[in-house]
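If you want the building blocks of each chain, they are given just below.
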Amino acid sequence: MKNSVDIAPAKGKLGVLVVGVDGAVATTFIAGVLNVRKGSGKPIGSLTQMATIRIGERADNVFPYIKDFVPLADINDLVFGGWDIRNENCYEAANVAKVLSERDINAVEQELKAIHPMKAVFDQFYVKRLEGTHVKTGKSKFDLAEQLRADIRNFKAENKLDRLVVIWAGSTEIFLKVSDVHKSLATFEKGMKENHPDIAPSMLYAYAALSEGVPFINGAPNLTVDIPAIIELAEENELPIIGKDFKTGQTLLKTVIAPMLKARMLGLNGWFSSNILGNRDGEVLDDPGSFKTKEESKLSVIDSILQPELYPDLYKDYYHKVKIHYYPPRGDNKEGWDNIDIFGWLGYPMELKINFLCRDSILAAPVALDLVLFMDLARRAGFKGIQDWLSFYFKSPMHLPEAVPENDLFIQLMKLKNTLRVMMGEEIISHVENDGVLSSLNLTDSI
Ligand SMILES: NC(=O)c1ccc[n+]([C@@H]2O[C@H](COP(=O)([O-])OP(=O)(O)OC[C@H]3O[C@@H](n4cnc5c(N)ncnc54)[C@H](O)[C@@H]3O)[C@@H](O)[C@H]2O)c1
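Conventions adopted
Residues numbered from 1 in each chain as written. Predicted model: local features only at pLDDT ≥ 70, side-chain atom pairs only at ≥ 80, totals over all residues. Buried ≥ 20, exposed ≤ 12 C-beta atoms within 10 Å, placed from the backbone. Helix = DSSP H or I, 4+ residues; strand = E, 2+ residues; numbered from the N terminus. Arc of directions from axis to C-beta. Contact = placed C-beta atoms within 7 Å. Pairing = 2+ DSSP bridges. Axes fitted to C-alpha atoms, helices over the stretch in contact; angles between N-to-C directions. Near = placed C-beta within 6 Å. Nonpolar A, V, L, I, M, F, W, Y, C, P; charged D, E, K, R; others polar. Domains from an automatic or database assignment. Parallel < 35°, antiparallel > 145°, perpendicular 65-115°, else oblique. Left-handed = near helix turned anticlockwise from the far one by under 90°.

Chemist: Go over helix α4 (residues 90-97), please, and point to the residues and values.
Modeler: Three or more residues of α4 are buried, namely C90, A93, A94 and A97. Buried residues of α4, seen end-on, are gathered within an arc of 100 degrees and therefore sit on one face of the element. If you follow the buried residues of α4, they end up packed against α1 (24-38), α5 (102-106) and α6 (109-113). Positive backbone phi, at 55 degrees, marks K98, one or two positions downstream of α4.

Encoded structure:
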């Protein structure tokens, strides 16, 4: 079945407004894209820049690059800006973050120096370990959201942009649950005017972006767009939203290892995950309120893959523990240990140990780039609401209320690529080939 979608062309400039633009992820993402543009670095880790997609039968051998197959914005057309509670230009901030080498930062010094954060909407109640010095003041949360809307309009006009995307790469806020004030757009707007405590700053950015016709991405585990009011606004304004929490290090591994265990019907007794991390994110997560938000996001993953309710002999009552320790000497170079207690034939125990010495922001930067480009594509394709097909990039992917989340990395990848195929009027790929077995069963016509 062929199914094609009308996609507006990617003409003109695409503004990328990053919340937390002075952070480690943001500066690594921006400096990285600027280096790639100059030819002084390669966009390793980015599907939109490096991956291919198979079209047609395997025997056809047709594998175009994704960027040649779907009409993505060109990275030369991206214009960066954003907000932060610190008032450093992105050159200074990248040097503070110490993720990239001086060589890579200096290669794009002038471009980074030209990016100055706009004043943020911030309240220490939601991120205990930070103090904001570059923040907006206003009569109410509604008033602050109006100021953010004005920032978006001004940025668009000043830079003569055709379109925009807003991405949250700001700090992790305290754990919040969906409450009555989030239940509808009307209650949410009333709540903003009354300064309701369940409305966090991240929600104001999302509200402002969607009100200005701009897609919103949530890279942190915050509740932010995962509330009925914001979903309603996205649907009403026909805009895509997605979150939450970039899937980069330990959880990326989990969503590969857990499907392997399940595929081979191997059991699990326990999964102990520990991390040391020394960047500002690690410091923020040292606060129990912010850690709780991260913990919830990290813990939910394995259950949804292993389905203990379907496989009680294998996965009932396994013990899952996640710890993050703030350890300044390591900076952004996180070290994660996983001890996985598994069992096989007749219940004989085995152990799996993984020691991942990764670089947090090096893994997150290509994810941010892909999400910006795919969300802009989704907008031009008229996709609205939750973009389930981008689950691939998230620890705790937003999903339709009637569906369970999909966390298996390879199912997520298949879903992403099949969505691109459908967008472009190509057949989806089931990986069932028209081979001898199927011909002898006379089933090929129905595939
Ligand atoms: N690096 C990864 O692999 C990864 C993976 C998943 C999620 N994340 C999440 O991404 C976010 C950013 O991570 P990071 O390592 O860049 O952290 P960071 O502390 O270096 O950067 C966060 C930035 O956000 C700013 N900020 C905080 N509150 C703000 C607000 N209300 N408005 C504007 N700016 C605000 C801070 O001043 C800081 O510059 C964190 O929430 C983190 O948990 C990171």
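There's plenty left to go through after this.
Chemist: Report on the sheet that holds strand β7 (residues 267-277), specifying residues and quantitative values.
Modeler: The pairing of strands in a sheet comes from backbone hydrogen bonds and takes either a parallel or an antiparallel form. Strand order across the open sheet formed by four strands is β8-β7-β9-β10, with mixed pairing between neighbours. Either end of the sheet is taken by a strand with one partner, and the two such strands are β8 (319-326) and β10 (349-357). Averaged over all pairs of adjacent strands, the angle between their axes in this sheet comes to 10 degrees, without regard to strand direction. Pairing between strand β9 (residues 335-343) and β10: nine bridges, direction antiparallel. Note on β10: the bridge partner recorded for D341 is E351. Running over the sheet, helix α11 (residues 250-263) touches β7, β9 and β10 and is turned about 15 degrees from β9.

Chemist: I'd like a rundown of unusual backbone geometry, residues and numbers included.
Modeler: Here the bond from G243 into K244 is cis, since omega is -10 degrees, no more than 30 degrees from zero. Along the polypeptide, K244 turns up in the loop between β6 (240-242) and α11. Phi angles above zero are rare outside glycine, and T224 is one such case at about 35 degrees. Among the structural elements, T224 can be located in the loop between β5 (216-218) and α10 (228-236). Assessed through the 29 C-beta atoms surrounding it within 10 Å, T224 is described here as buried. With a phi angle near 65 degrees, L346 is a residue other than glycine that sits in the positive phi range. As for its position among the elements, L346 is in the loop between β9 and β10.

Chemist: Describe the site of the ligand, with residues and values.
Modeler: Every one of the 36 residues lining the ligand counts as a neighbour, but G20, G23, A120, A220 and R280 are closest to it. Only α1, β2 (78-84), α12 (280-285) and α15 (360-380) provide two or more residues apiece to the shell around the ligand. In terms of residue count, α15 provides more of the shell around the ligand than any other element does, four residues in total. For the shell around the ligand, the residue count by class is 19 nonpolar, 10 polar and seven charged. Domain assignment of the residues forming the shell around the ligand places at least three in each of domain 1 (14-246 + 362-423) and domain 2 (251-357).

Chemist: Lay out the pairing of β10 in plain terms, naming residues and giving numbers.
Modeler: Judged by how many residues are buried, β10 sits mostly at the surface: zero of nine residues are covered. Connecting β9 to the next strand, β10, in antiparallel fashion are five residues, including L346 with a positive phi near 65 degrees.

Chemist: Give a description of the packing of α1 against α15 that names residues and reports values.
Modeler: Between α1 and α15, whose axes approach to 8 Å, the crossing angle comes to 65 degrees. Between α1 and α15, the angle falls in the class roughly perpendicular. The two elements α1 and α15 cross, and the hand of that crossing is right-handed. Residues A24, V25, T28, F29, G32 and V33 of α1 form the contact with α15, whose own contacting residues are S361, I362, A364, A365, A368 and L369. Class assignment of the residues belonging to the contact of α1 with α15 gives a composition of nine nonpolar, three polar and no charged.

Chemist: With reference to specific residues and values, describe the packing of helix α8 (residues 185-193) against α10.
Modeler: Orientation of α8 relative to α10, taken along the N-to-C sense of each, is 115 degrees, at an axis distance of 8 Å. It follows that α8 is roughly perpendicular to α10 by the angle criterion. Crossing geometry of α8 relative to α10 is assigned as left-handed. On α10, the residues that touch L185, T187 and F188 of α8 are A229, E232 and L233. In terms of residue class, the contact of α8 with α10 is made up of four nonpolar, one polar and one charged.

Chemist: Residue-level account of the sheet that holds strand β4 (residues 163-168), with values.
Modeler: Pairing is parallel in the open sheet, where seven strands are placed in the order β3-β2-β1-β4-β5-β6-β11. Here the strands that pair on one side only, and so sit at the sheet edges, are β3 (118-119) and β11 (385-386). Here two bridges tie β6 to β11, and the two strands are oriented parallel to one another. Its bridge partner being in β11, I241 is matched across the sheet by I386. Across the sheet, helix α7 (residues 141-158) is in contact with β1 (14-19), β2, β3 and β4; its angle to β1 comes to roughly 145 degrees.

Nothing here speaks to function; it is geometry throughout.
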